[in-house]
Amino acid sequence: MIPKFNRPISPRENILRYLRGENPLWMPDMRRDCATVCPYAFPDNRARAFGGVDCFGIQWTYEPNIRAAMVTPGTRRLSDITRWREELEWFDPWSIDWQKEIDEHYAQGLSPERFTTFVILNGFFERTADLTSFEDAFCYLLEEPEALTEFYDRLAQWHIELIKIAKQFFHADMILLHDDMGSQKNAFFSSELYRRLLMPQYQKVTRAAHDMGLYISLHSCGNVGIHIQNFIDAGFDGWEGQNAVNDKQAIMDQYGDKLFQMSMTTIDPSLSDEEAEALVCGLVDGLGKTRRLLPSLLVMGQREVSIEDAFYRCSRRKYCGG
């Protein structure tokens, strides 16, 4: 059941004010204010969540310890990147009955009152590693730029078809495209390599999203601070990254006017109600003071008070001068 609130404007309009650089009335909680669409009718999404075979025939195995799936050990879908034309079959995303998927699973969640984000789970680098191996993916970036560029040309168009579906069937407001590019310590590859090999491809995807009237944000885990300017130059409107390994405040201070941030904030059940309220109100006074943060609150355990409501009240007072 989606809660209804007596708010002066809709959650969707409030988020759009954020993204347009206008004055929002409160800081959004994306778990409440946004409908996130990641349809399990699409093989990639189902395999990544539960295990199974994805759009490219890659076998995934569910790992209970992380509550997600990983490429099954020993799996290699593509013998070599230079053979992608001969060995890959391209799943047609238009072959899915998307209206049936909406009717069965999204009829209650989608609303013109809520902002809608459509998730695409695999970007260019991740797809290369999944098809071959991480080790070979790194080698291909250095040794096979021509073959990768030809493959990425085709993959970019495939992503654009998904964006068309997001717009036509789900009336999406934003695309959230995943491509992890770093470890806990540093990015996987240099800024120069990103600009030479990956940026032209991402510019095709972001340009297509913008041409359809959509915002587009990049989910990229790891310590990817060296790529923030690259993400901006590639055309992304926002970035969702790990709090623990990136200096989010420094990045917001330097790039916040050009790139909004998305962030998951987990409210640990060991915190008292007062401590939890102080934590979420700290978001408003910290990263949120730029009005360029779109957080998602994950409140763990049972509480006597609603931390989400406290967050709303705190940001209303801050943003509306109360």
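This text follows the structure it describes.
First, a word on scope: everything that follows refers to the structure included in this document. Quick caveat: nothing in here was measured; it's all calculated off a predicted structure.

1. Here's the deal with the environment of Leu78
Phase 1 of the analysis: Of note, Leu78 is situated in the loop between β4 (68-71) and α4 (84-87).
Phase 2 of the analysis: Residue Leu78 is classed as buried on the basis of its relative accessible area, which comes to 0%.
Phase 3 of the analysis: Between the alpha carbons of Leu78 and Phe115 there is a distance of 38 Å; along the sequence they are 37 residues apart.
Phase 4 of the analysis: Setting aside its immediate chain neighbours within four residues, Leu78 contacts Arg83, Trp84, Glu87, Leu88, Leu131 and Thr132.

2. Details of the packing of helix α6 (residues 124-131) against helix α7 (residues 134-143)
Phase 1 of the analysis: The geometry of α6 relative to α7 is characterised by a closest axis approach of 7 Å and an angle of 125° between their N-to-C directions. The pairing of α6 with α7 is recorded here as oblique in orientation. In this structure, α6 meets α7 at a crossing whose hand is right-handed. Every residue of α7 that contacts α6 at Phe125, Thr128 and Ala129 is listed here: Phe134, Ala137, Phe138, Tyr140 and Leu141.

3. With respect to the packing of aromatic side chains
Here a ring pair, both rings aromatic, is described through the centre-centre distance and the interplanar angle of the planes.
Phase 1 of the analysis: In total, this model carries 28 aromatic pairs according to the counting rule given.
Phase 2 of the analysis: Look at Tyr40 and Phe50: their rings are 4.9 Å apart centre to centre, the planes differ by 65°, and that puts the pair in the edge-to-face class. One end of the pair, Tyr40, is in the loop between β1 (34-37) and α3 (43-50); the other, Phe50, is in helix α3, with ten residues separating them in the sequence.
Phase 3 of the analysis: Seen from their ring centres, Phe125 and Phe188 are 5.6 Å apart, and the 40° between their planes marks the pair as tilted. Remark: Phe188 occurs in the loop between β6 (174-178) and α9 (191-211) and Phe125 occurs in helix α6; sequence separation between them is 63 residues.
Phase 4 of the analysis: Among the residues examined, Phe125 registers a relative accessible area of 1% and is labelled buried.
Phase 5 of the analysis: One residue, Arg7, lies across the ring of Tyr312, its end atom 4.2 Å from the ring centre.
Phase 6 of the analysis: Sitting over the ring of Trp239, Lys248 keeps its end group 5.3 Å from the ring centre.

4. Things to note about unusual backbone geometry
Phase 1 of the analysis: Residues other than glycine seldom take positive phi values, yet His171 does so here, at roughly 50°.
Phase 2 of the analysis: Tracing the chain through its elements places His171 in the loop between α8 (145-170) and β6.
Phase 3 of the analysis: The exposure class assigned to His171 is exposed, which follows from its relative accessible area of 57%.

5. Description of the sheet that holds β4
Strand pairs in the sheet, formed through backbone hydrogen bonds, run parallel or antiparallel to each other.
Phase 1 of the analysis: An order of β2-β3-β4 is seen for the three strands of this open sheet, with the pairing classed as antiparallel. Only two strands of the sheet have a single neighbouring strand rather than two, namely β2 (52-53) and β4.
Phase 2 of the analysis: When strand β3 (residues 59-63) meets β4, the two strands line up antiparallel, connected through four bridges. The partner of Glu63 across the bridge, within β4, is Ala68.
Phase 3 of the analysis: Along the sheet, α3 contacts β2, β3 and β4; its crossing angle with β4, the most-contacted strand, is approximately 105°.

Each value, and the rule that gives it
- Residues numbered from 1 in each chain as written.
- Predicted model: local features only at pLDDT ≥ 70, side-chain atom pairs only at ≥ 80, totals over all residues.
- Heavy atoms only, no water.
- Helix = DSSP H or I, 4+ residues; strand = E, 2+ residues; numbered from the N terminus.
- Buried < 20%, exposed > 50% of the residue type's maximum accessible area, 1.4 Å probe, protein only.
- Contact = heavy atoms within 4.5 Å.
- Axes fitted to C-alpha atoms, helices over the stretch in contact; angles between N-to-C directions.
- Parallel < 35°, antiparallel > 145°, perpendicular 65-115°, else oblique.
- Left-handed = near helix turned anticlockwise from the far one by under 90°.
- Phe/Tyr/Trp six-rings, centres within 6.5 Å; stacked < 30°, edge-to-face > 60°.
- Lys NZ or Arg CZ within 6 Å of the ring centre and 35° of its normal.
- Pairing = 2+ DSSP bridges.

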